[in-house]
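Overview (structure and organization)
For reference, the chains in residue letters:
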Amino acid sequence: MLGERKECQKVIRIRTLNESTNVGNLAREIIDKCRLIHPTKLPEVEQLLYYLQNRKDTAAPTTGAKKKSELSERPLDGDLDATEINETANINEIEDYLELLYEDLPEKLRGSALVLQLARNPDNLQELFENETVVGALARVLREDWKRSMELSTSIVYVFFCFSSFSQFHGVISHFKIGALTMQIVEHEIKKYELWKEELARKKKACEADGKEKSAEKKDYDRTKKKFDGLVKKQDQLLRVCFYLLLNLAEALEVEKKMRNKSIVKMLVSCLEREHHELLILVVSFLKKLSVFIENKTEMAEHNVIEKLTKLVPVDHEDLLNITLRLLLNLSFDTEERSKMVKYGMLPKLVALLSNDNHQLIVLSILYHISMDDKCKTMFTYTDCIPIILKMILEAPGDRVDLELMSLSINLATHKRNAQSMCESKGNRPSALHMLMKRAFKFKDPFLLKMVRNISQQDDLDIKMKFVDYISDITTAIMKNNEEDFILECVGILANLTISDLDYELLLTEYDLVPWINNKLKPGACEDDLMLEVIMLCGTVCNDDTCAKLLADSGIIQSLIDLLNAKQEDDEIVCQIIYVFYQMIFHQSTREVIIKQTQAPAYLIDLMHDKNAEIRRVCENTLDIIAEVDQDWTIKIQQEKFRWHNSQWLEMVENRSMDDDMVGSYAPDHDIDPYIQGTEALDRPEYMFADYNDMLMDGNVTPDYIDEPAYQDNGRYINVPPDMLGHGPGMMDNGDYYERPPSHFGYAADNYYYQDPYGRPMSRGGGY
């Protein structure tokens, strides 16, 4: 008897039970040796033994000579069978099967096939695992004879695959280094496949060159092609069990890293050319598992995995198509891989799959990733994507549309041509925009309205004019709706309607929007996103003189200044506030309010050198207008520009500290102070523009930013009165100024174009 423990039970295997066994004696022996069975259960044990003795046992070996085994050479398309054998294995005969592994190749084939039958039953794995001799013999035969027989390799690898299905058996597989040996087998088989293809291509070329229907080359090619197909089918079975074994072992990250170092990615990508669907499912599944690491994804890209996956989209196998799309989804997180999908013509194929409910969600996710690239958005206009997604949105059940679908739609609506397609109407039917607005307001869907808002931001007057009919509904929703997300999108749509003929004053007064805007611009009154849209709305309506005056009289300028202080770290809010000032500066009615009654210009001067380029640009444009109309601010702006452009040089002069030796070596003129001490740098013009032979202008004013015209008299710059504009030396014939000097040190005469280490001009002779 052989006892085996399982969870909550104990299995007793009886090897001596046959037709002549005394059932009563055997039952008493079992009860004596197994303490878990109470003696009162003797009749039940006898009944079970009697049943086992008299049942039709197909597992019992026939008496006398064993039946001759017949190996089937037919490759199997279903399960992972290696070879079929017309004999049923019995766990009690494991020692006999072990002996077959030490015989010649035919016996090894039979023995491995019988062991495989046992291994495919999970109940036998523990007993096989405990028999180290059997496992060791299988590993030895595989290592020594895997090149001799593809069927033998398939059977033995399949046995270890059965073990690999359970993590507790991975140790024995690692002990015998089956994983490394399996990768060696895979690499060898892939090389053989390449040689077979080359030979087949060579014979096909010879056959085509001959051109005869029944030539010897044609017969040779047909014979080789038939042989090639048979070998490929067998090889597909072997590769399938090998990759399945490796996939199970790769659940440990350390093992997966070792496989990657042995070029598992290259092997898998090369197998994508195969036609066997079951093998392709396994290969793509393995690639999908590996693709979560960027190193593996990069290697897949190097082997052009996208191009090889193109033939699988679509494919007439639902499981294979599904796992392929999942792999593409993982790869689509990479910008270059998304571009390759479009390059190899995969976009129309993916759009066509939107009608398949089984793959719709995955396809939407892939298309969403592709739509993230601006250069790819225009490609959607050459497909049926826009009509399909609009139909899906309008026919979606419930009050909310799937997020994946809305994400794709929102991205596509940011492109002008896509937005135009979404606004088109066919015949007498209402336009898609009308239906989208109707559904958005019916279900108060903020995502749907965000899509509409992206359509409204296009720089196309025809598109913007289509929203005029909905201004009343949008404004009413702003005033009466309590959902901030929905209000945000409504305000965003109004802010995008930069239409010159639109009566913004009527909009503000009829719906009493000015108090609402003032309330939202108070720090902390709403979320930053909504506050930003309200500021953008102010910038839009301030394009109208009357609206700008209306907002200025309501005290909105001071609210914006307070908001500028509170949100100074938010570049977007700061930029939009400056733009509102820029719009108001254009109007005479609000220009004086900003310049005379607020400190907005001072804040603009502070932001003139902000690290954000867009903020600097808007600031400079606004300050240029202020400088044209106000002389006091002109001087302040010039001084600030002067300070900024000379700050590095001034800092060097003020903070430089040298020891006496260094001063002596770098400054031979000891009459010049090495430091600026106790004075403001700007009050010491001699450190900026020294008087060398009276050739430089006054150091208090930089030549780069002087606005008063000047001319040169004997090497000295002299201011020109306003009534002499355009008539003095220093002016071109047409009244234009000369080019400003490229240096902040001013002009130097021709004989002073050399400079010393401090930037001071030197004569050609080298003196000062």
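Look up a bit, the structure's there.
What counts and what doesn't
- Residues numbered from 1 in each chain as written.
- Predicted model: local features only at pLDDT ≥ 70, side-chain atom pairs only at ≥ 80, totals over all residues.
- Heavy atoms only, no water.
- Axes fitted to C-alpha atoms, helices over the stretch in contact; angles between N-to-C directions.
- Helix = DSSP H or I, 4+ residues; strand = E, 2+ residues; numbered from the N terminus.
- Parallel < 35°, antiparallel > 145°, perpendicular 65-115°, else oblique.
- Left-handed = near helix turned anticlockwise from the far one by under 90°.
- Contact = heavy atoms within 4.5 Å.
- Nonpolar A, V, L, I, M, F, W, Y, C, P; charged D, E, K, R; others polar.
- Polar contact = N/O pair within 3.5 Å; in protein donor to acceptor, adjacent residues only side chain to side chain.
- Patch = residues over 30% accessible without salt bridge, like charges linked within 9 Å, V, L, I, M, F, W, Y side chains within 5 Å.
- Areas by Shrake-Rupley, 256 points an atom, 1.4 Å probe, with all protein chains shown as cover.
- Salt bridge = Lys/Arg side-chain N within 4 Å of Asp/Glu carboxyl O.
- Buried < 20%, exposed > 50% of the residue type's maximum accessible area, 1.4 Å probe, protein only.
- Phe/Tyr/Trp six-rings, centres within 6.5 Å; stacked < 30°, edge-to-face > 60°.
- Lys NZ or Arg CZ within 6 Å of the ring centre and 35° of its normal.
- Arc of directions from axis to C-beta.
- Lys, Arg positive; Asp, Glu negative; His and termini not counted.
- Charge placed at Lys NZ, Arg CZ, Asp CG, Glu CD.
- Expected span 1.5 Å × (residues − 1).

It is worth spelling out the packing of helix 21 (residues 385–394) against helix 24 (residues 432–443) at this point. Packing of helix 21 against helix 24 leaves a shortest axis separation of 11 Å and a crossing angle of 30 degrees. The angle between helix 21 and helix 24 falls in the class roughly parallel. When you trace helix 21 past helix 24, the crossing you get is left-handed. Taking contact as the criterion, the partners of L390, I393 and L394 in helix 21 are, on helix 24, A432, M435, L436 and R439. Across the contact of helix 21 with helix 24, the residue classes break down as six nonpolar, no polar and one charged.

Position of T634 relative to the elements: it lies in helix 38 (residues 631–645). Only 2.6 Å separates the side chain of T634 from the backbone oxygen of A627, close enough to count as a polar contact. Of the polar contacts made by the side chain of T634, one reaches the backbone oxygen of D630; its length is 2.6 Å.

On the surface, L253, V292 and F293 cluster together into a nonpolar patch covering about 250 Å² of accessible area. Mapped onto the elements, F293 comes out in the loop between helix 13 (277–290) and helix 14 (294–302). The exposure class of F293 is partly exposed, given its relative accessible area of 33%.

One pass over the structure, following the stated rule, counts nine aromatic pairs. Ring plane angle 45 degrees and centroid distance 4.7 Å describe the contact between F161 and Y244, whose orientation is recorded as tilted. With F161 in helix 7 (residues 150–164) and Y244 in helix 10 (residues 216–249), this residue pair connects regions lying 83 residues apart in the sequence. Pairing F441 with F486 gives two aromatic rings, centres 5.7 Å apart and planes at 85 degrees, and the pair type is edge-to-face. Of this pair, F441 sits in helix 24 while F486 sits in helix 28 (residues 484–496), and the two are 45 residues apart along the sequence. F486 sits in the buried class, given a relative accessible area of 0%. Among the aromatic residues, ring-to-ring pairing joins F129, F163, F166 and F169 into one connected group. Its guanidinium or amino end placed over the ring of W633, K636 lies 4.4 Å from that ring's centre, counting from NZ or CZ.

With that settled, consider helix 21. Structurally, the α-helix is built with 3.6 residues per turn, so residues lying three or four positions apart point the same way. Those residues of helix 21 that fall on the buried side of the exposure criterion are C385, I386, I389, L390, M392 and I393. Buried residues of helix 21, seen end-on, are gathered within an arc of 160 degrees and therefore sit on one face of the element. Contacts made by the buried residues of helix 21 are with helix 18 (346–352), helix 19 (360–370), helix 22 (403–412), helix 23 (416–423), helix 24 and helix 25 (446–456).

So, on to a negative patch on the surface. Together, E95, D96, E99, E103, D104 and E107 give the surface a local cluster of negative charge. Here the element with the most residues in the negative patch is helix 3 (residues 94–100); it accounts for three residues. Tracing the backbone shows E99 in helix 3.

This brings us to helix 37 (residues 613–629). With 17 residues, helix 37 should reach 24 Å at 1.5 Å per residue; the first-to-last C-alpha distance of 25 Å fits that figure. Along helix 37, the residues that are buried comprise I615, V618, C619, T622, L623, I625 and I626. Along the long axis of helix 37, the arc covered by the buried residues comes to 155 degrees, so they all point the same way. Turning to helix 37, the residues buried within the fold contact helix 34 (571–585), helix 35 (588–597), helix 36 (600–606) and helix 38. You can read the cap of helix 37 off the contacts: a side-chain oxygen lies 2.9 Å from the backbone nitrogen of E614, and it is on N612.

At their nearest, the axes of helix 21 and helix 22 sit 11 Å apart, and the two run at 135 degrees to each other. Viewed along their axes, helix 21 and helix 22 adopt a mutual orientation that is oblique. The two elements helix 21 and helix 22 cross, and the hand of that crossing is left-handed. In this structure, helix 21 uses C385, I386, I389, M392 and I393 to contact helix 22, whose residues at the interface are L405, M406, L408, S409 and L412.

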